[in-house]
Amino acid sequence: MEIKKIEGIIEAILFAMGDSVEIGKIAAAIEHDEETTRKIIHQMMDQYDRQDRGIRIIELEDAFQMCTKREMYDYLIRVARQPRKYVLTDVLLETLSIIAYKQPVTKLEIEKIRGVKSDHAVNKLVEYDLVCEMGRLDAPGKPILFGTTEEFLRRFSIQSAEDLPALNPDQVETFKEEAEEEAQLKLDI
């Protein structure tokens, strides 16, 4: 099969599915191995960038998705109703970062780190589709485990949770000391 036909098939799959499609499924559809399929898709991604197209293909872990380029947003809202914008407050960002770095994590673990109840923050992040239920911990009460979603990866333009910036160990130590001092102050009062 010629490369243009294969690219057309991949475009059709990604366009029709809307959401991300695992590399294995695309490879099976075009009857090639995953490595070859990945190379073809990466070539398509480069072509879209060079040709200044309105669409692009993004990679999310071991999956690919077709979407519009960010630069096209202003034009899209002229046609479609303006999408709802979510505001990520400091509390939501703090909770989201804990989940992103510690996933899978329970609400209790989040609350231990934050020092306050986190029900509202976690529920908002679930509502915004940045966080989802990943299962249950095998412990008394079977608490829910939370982790980040593909939408989180899309919004923060990363391919996987492993691509999150590394935490500076010195800064982590400083945060621990500050938290311990704050906890001691509360105990002294």
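Since we're looking at a predicted model, the values are computed, not measured.

Enumeration according to the criterion identifies 12 salt bridges in this entry. When the shortest N-O distance is used, the salt bridge between Glu59 and Arg38 registers 2.8 Å. Of this pair, Glu59 sits in strand β2 (residues 55-60) while Arg38 is found in helix α3 (residues 34-50), placing the two residues 21 residues apart along the sequence. Judged by its relative accessible area of 11%, Glu59 is buried. Residues participating in the shared-partner salt-bridge network are Glu150, Glu151, Arg154 and Arg155.

Let's shift gears to the sheet that holds strand β3 (residues 63-68). The sheet built from three strands is open, its strands ordered β1-β3-β2 with antiparallel pairing. Both edges of this open sheet fall to β1 (21-22) and β2, since each of them pairs with a single strand only. In the sheet, β2 pairs with β3 via six bridges, with the strands oriented antiparallel. Of the residues in β3, the one forming a bridge with Ile57 is Met66. Sheet contacts for helix α1 (residues 3-17): β1, β2 and β3; angle to β3, the most-contacted strand, approximately 75 degrees.

Our next topic: a negative patch on the surface. A cluster of acidic residues, Asp170, Glu173, Glu177, Glu178, Glu180 and Glu181, forms a negative patch on the protein surface. When you line up the elements, Glu178 lands in helix α9 (residues 169-188). Judged by its relative accessible area of 45%, Glu178 falls in the partly exposed class.

Our next topic: the packing of aromatic side chains. Enumeration according to the criterion identifies one aromatic pair in this entry. Here Phe152 and Phe156 contribute two aromatic rings whose centre-to-centre distance is 4.9 Å and whose plane-to-plane angle is 40 degrees, an arrangement assigned as tilted. Of the residues examined, Phe152 reaches a relative accessible area of 3% and is grouped as buried. With relative accessibility at 35%, the residue Phe156 sits in the partly exposed group.

So, on to the nonpolar core. Membership of the largest hydrophobic core comes to 21 residues, with the highest contact counts inside it found for Leu96, Ile99, Ile110, Leu125, Leu130, Val131 and Phe152. Only β2, α5 (90-102), α7 (119-127) and α8 (150-155) provide two or more residues apiece to this core. Take this core: its biggest share by element is five residues, from α5. Those residues in contact with Val131 that lie beyond four places of it in its chain are Leu96, Ile99, Leu125, Val126, Phe146, Gly147, Thr148 and Thr149. Core analysis: the next-biggest nonpolar cluster, separate from the first, contains 16 residues, Ile10, Leu14, Ile23 and Ile26 among them.

A cis amide bond links Gln103 with the next residue in sequence, Pro104, at an omega value of -10 degrees. Inspection of the secondary structure puts Pro104 in the loop between α5 and α6 (107-114). At Glu61, a residue that is not glycine, the phi angle is positive and equals roughly 55 degrees. Along the polypeptide, Glu61 turns up in the loop between β2 and β3. Owing to a relative accessible area of 44%, Glu61 belongs among the partly exposed residues under this scheme.

Now for the packing of α1 against helix α2 (residues 23-30). Running from amino to carboxyl end, α1 crosses α2 at an angle of 135 degrees, the nearest separation of the two axes being 10 Å. Comparing the axis directions of α1 and α2 gives the class oblique. Between α1 and α2 lies a crossing of right-handed hand. Of α2, the residues touching α1 (which contributes Ile6, Ile9, Ile10, Ile13 and Leu14) are Ile26, Ala29 and Ile30.

Reading the values: the criteria
- Residues numbered from 1 in each chain as written.
- Predicted model: local features only at pLDDT ≥ 70, side-chain atom pairs only at ≥ 80, totals over all residues.
- Heavy atoms only, no water.
- Salt bridge = Lys/Arg side-chain N within 4 Å of Asp/Glu carboxyl O.
- Helix = DSSP H or I, 4+ residues; strand = E, 2+ residues; numbered from the N terminus.
- Buried < 20%, exposed > 50% of the residue type's maximum accessible area, 1.4 Å probe, protein only.
- Pairing = 2+ DSSP bridges.
- Contact = heavy atoms within 4.5 Å.
- Axes fitted to C-alpha atoms, helices over the stretch in contact; angles between N-to-C directions.
- Patch = residues over 30% accessible without salt bridge, like charges linked within 9 Å, V, L, I, M, F, W, Y side chains within 5 Å.
- Areas by Shrake-Rupley, 256 points an atom, 1.4 Å probe, with all protein chains shown as cover.
- Lys, Arg positive; Asp, Glu negative; His and termini not counted.
- Charge placed at Lys NZ, Arg CZ, Asp CG, Glu CD.
- Phe/Tyr/Trp six-rings, centres within 6.5 Å; stacked < 30°, edge-to-face > 60°.
- Core = buried A, V, L, I, M, F, W, Y, C linked by side-chain atoms within 4.5 Å.
- Parallel < 35°, antiparallel > 145°, perpendicular 65-115°, else oblique.
- Left-handed = near helix turned anticlockwise from the far one by under 90°.

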